[in-house]
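Below, each chain spelled out in residue letters.
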Amino acid sequence: MPYYRVVGEIPRKRHVQFRRPDGGLYAEELMGEEGFSSDSSLLYHHHLPTAIIKAEAVEPTEAGRLVPNLPLSPRHLRTQDLPDGGDLVTGRGLLAGNGDVRMSYAATDAPSGLYRNSMGDECVYIATGRVRFESTYGVIEAGAGDYVVVPTGTIHRWVPLERVTAFVIEAAGHIRPPKRYLSKYGQFLEHAPYCERDLRTPQEPLLVEGEEVPVLVRTRGGLTRLVYRNHPFDVVGWDGCLYPYAFNINDFEPIVKGIHAPPPVHQTFEGPNFVICSFCPRPLDFHPEAVPIPYNHHNVDSDELMFYAGGDYTARRGSGIDVGSISLHPAGFTHGPQPGAVEAVLDAVRQGHTRTSELAVMVDTFRPLDLGPAGLSVEDPAYAWTWAR
C-alpha cells in the first residue's frame, strides 16, 4: 500500500522491548512482502503467533479443477443461477482461472471460519449485501460495491450481516494500485481516478480470546488446517504499509473523453499478469460526432472477463447479459456491441440521453483463462452466436 498507518498501541521504535501490563513482552510479528524487501507491517500480539498445536491436511475437492476453454469460444456465465452455500471461503464456486489468478463467485449468509491465503493477495468484490471483515489488523465493514483487498498471509474471516454475493479474485502474487497512478514515493498522483482518502482501513485493534483455534491455510502445496494455541486476533497494535483495505467502486472517478476511450482508463488494480478495471456510470462521450459505445475490438494479448454488477447494458442488449452475468472473451475473438446497439445509442443521444448507468468489474489476463466447474454449470450455450443474429 502507498501510505503508512498506525493502529492501536506500538512502541516508539521498532524491535525494542514492548511490555504488557503484567510485565511480559508482547510478541512482535513482521509481515513482509518480497523477501522483506517491499511493503511490511509490524504487529504486536499478546501471545506467540508461532504457537501451533496441531496440523492436518485438508483434501482438495473436484470443485477446484480447471479445464481448457475448448473449443475456444466467447462464454456467458450466469452467476445468478448458482446456488447459495458454504461461506465466503468454502462456498466459492470456481468460474475461471490460470496460473496467475482464479475467479470465483459466492452467495451466502453464513460466517466463515478463520482463513489464511498464503499463495497470494485476494480482492473480494461485494456485489450485494453487507459483511464484516475481521482480521489480525482489525475490522472493515463492507457493503455493495466494495472491493476488499486482503494481503497474502492475513488471518481473517467473513461475517455476513445479511445475504452476501461476491466476485472473488485470488492472485498468485500481490494486488496493487497501478504504478502509473503513483509517485516514485508511493503517493497517489493528481491524475489518478482515486486516492488515499477513498481507502478504508481498520481503525482499531480487534481483540478476541480463545484457545485451540483452527485456521484453514492455503499454500502452494495445498490446504492445511492449523490449530493455534491462542486466538490469532490478539493484536494490540500495528504499523506499516501492508494491511487490508476497502475501496468502493462508486468512489472511482471515470476518465471521460470526447470520443470513446479504451479499457485502460478504467484500470483500478494490477496483479501478476492481470489487471482489474471498474466500469462506472459516467457522462457519455461528448464529441458531436461521437459513437458513445464500445467499438468492435480484439485484445490480441489478453483474455477479458467481465462481471456485470449493476445498471443498464445498452451495448449488450439482445445477448442475454444481465446483472450477475459474466462474459469471457478470449484473445482469439473480436467482440463488441450487439447488432443494432450502435443505432439504438445514437437514437438515445438524439433524445437527450447523456450518461451511462453500467457498473461492472473486468479482469484482463495476459495468459489464457481456463474454465471452472461452477462457470460451466451455468453457461449460456447460445451466447457465442448472438452477434450473428
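Note that the structure is predicted; figures quoted are calculated from it, not measured.

Engineer: Would you mind going over the nonpolar core with me for this structure?
Structural biologist: General note: in soluble globular proteins, nonpolar side chains tend to be found buried as a group. Ranked by size, the top nonpolar core spans 52 residues in total, and within it Y125, Y147, F167, I169, F269, I276 and F307 carry the most contacts. Counting residues per element, this core draws most heavily on strand 7 (residues 101–108), which supplies four residues. Split by domain, this core shows at least three residues from each of two domains, domain 1 (5–63 + 83–247) and domain 2 (249–381). In contact with I276, other than residues within four places in its own chain, are C123, Y147, I169, I175, H266, Q267, T268, F269, V361, M362 and V363. L88, V89, V131 and V168 belong to the second largest nonpolar core, which has 20 residues in total.

Engineer: Looking at this model, I keep getting lost on the UniProt feature "active site" (unreviewed entry) in the protein chain. Mind explaining?
Structural biologist: UniProt's entry tags H260 with the feature "active site" (unreviewed entry), counted in the numbering of this structure. Inspection of the secondary structure puts H260 in the loop between strand 19 (245–248) and strand 20 (267–271). Judged by relative accessible area, H260 falls into the buried class, the value being 15%. A distance of 3.2 Å separates the side chain of H260 from the side chain of D285, its partner in a polar contact.

Engineer: How should the domain arrangement of the protein chain be read in this particular structure?
Structural biologist: Often the size quoted for an interface is simply the accessible area lost on bringing the parts together. Split by domain assignment, the protein chain resolves into domain 1 (5–63 + 83–247) and domain 2 (249–381). The centre of domain 1, based on its C-alpha atoms, is set 30 Å off from the matching centre of domain 2. Interface area, domain 1 with domain 2, both sides summed: about 2900 Å², of which 64% is carbon and sulfur. On the domain 1 side of the contact with domain 2, D100, Y147 and P193 bury the most area, a combined 19% of that side's loss. In this structure, the connection of domain 1 to domain 2 is made through two salt bridges. The closest approach of N and O atoms between E270 and K179, which form a salt bridge, is 3.4 Å. One can count 17 residue pairs in polar contact (both at pLDDT 80 or more) joining domain 1 with domain 2. Those elements that place two or more of their residues in the side of domain 1 that touches domain 2 are strand 6 (93–97), strand 7, strand 9 (122–128), strand 12 (146–150), strand 14 (164–171) and strand 19. Examining the composition of the side of domain 1 that touches domain 2, we find that five residues originate from one element, strand 6, more than from any other. Taken together, the residues of the side of domain 1 that touches domain 2 sort by class into 24 nonpolar, seven polar and six charged.

Engineer: Hey, could you run me through unusual backbone geometry in this one?
Structural biologist: Across the chain, the bulk of peptide bonds are trans and the bulk of non-glycine residues have phi less than zero. Geometrically, the link from L70 to P71 is a cis peptide bond, its omega value of -5° lying close to zero. As for its placement among the helices and strands, P71 is situated in the loop between strand 4 (52–58) and strand 5 (75–78). We note that H15 has phi near 60°; this positive angle belongs to a residue other than glycine. Counting through the fold element by element, H15 comes out in the loop between strand 1 (5–8) and strand 2 (27–32). With a phi close to 65°, F36 is a non-glycine residue in the positive phi region. Position of F36 among the secondary structure elements: in the loop between strand 2 and strand 3 (40–45).

Engineer: What should I look at first to understand the pattern of salt bridges in this one?
Structural biologist: Note on pairing: side chains with opposite charge can pair once their charged atoms come close. In the structure shown here, the tally under the stated rule is 18 salt bridges. E33 is paired through a salt bridge with R176; the nearest N and O atoms lie 2.5 Å apart. Remark: R176 occurs in the loop between strand 14 and strand 15 (199–200) and E33 occurs in the loop between strand 2 and strand 3; sequence separation between them is 143 residues. Residue E33 is classed as buried on the basis of its relative accessible area, which comes to 7%. Among the residues examined, R176 registers a relative accessible area of 25% and is labelled partly exposed. With a closest N to O distance of 2.9 Å, D81 and R78 form a salt bridge. A relative accessible area of 46% means that D81 is categorised as partly exposed. Overlapping salt bridges, with partners in common, bring together R132, E134, E141 and R157 in one network.

Cut-offs applied
- Residues numbered from 1 in each chain as written.
- Predicted model: local features only at pLDDT ≥ 70, side-chain atom pairs only at ≥ 80, totals over all residues.
- Heavy atoms only, no water.
- Core = buried A, V, L, I, M, F, W, Y, C linked by side-chain atoms within 4.5 Å.
- Buried < 20%, exposed > 50% of the residue type's maximum accessible area, 1.4 Å probe, protein only.
- Helix = DSSP H or I, 4+ residues; strand = E, 2+ residues; numbered from the N terminus.
- Domains from an automatic or database assignment.
- Contact = heavy atoms within 4.5 Å.
- UniProt positions renumbered as here; feature names shortened; annotations may be inferred.
- Polar contact = N/O pair within 3.5 Å; in protein donor to acceptor, adjacent residues only side chain to side chain.
- Buried area = accessible area lost by both parts, 1.4 Å probe.
- Salt bridge = Lys/Arg side-chain N within 4 Å of Asp/Glu carboxyl O.
- Nonpolar A, V, L, I, M, F, W, Y, C, P; charged D, E, K, R; others polar.

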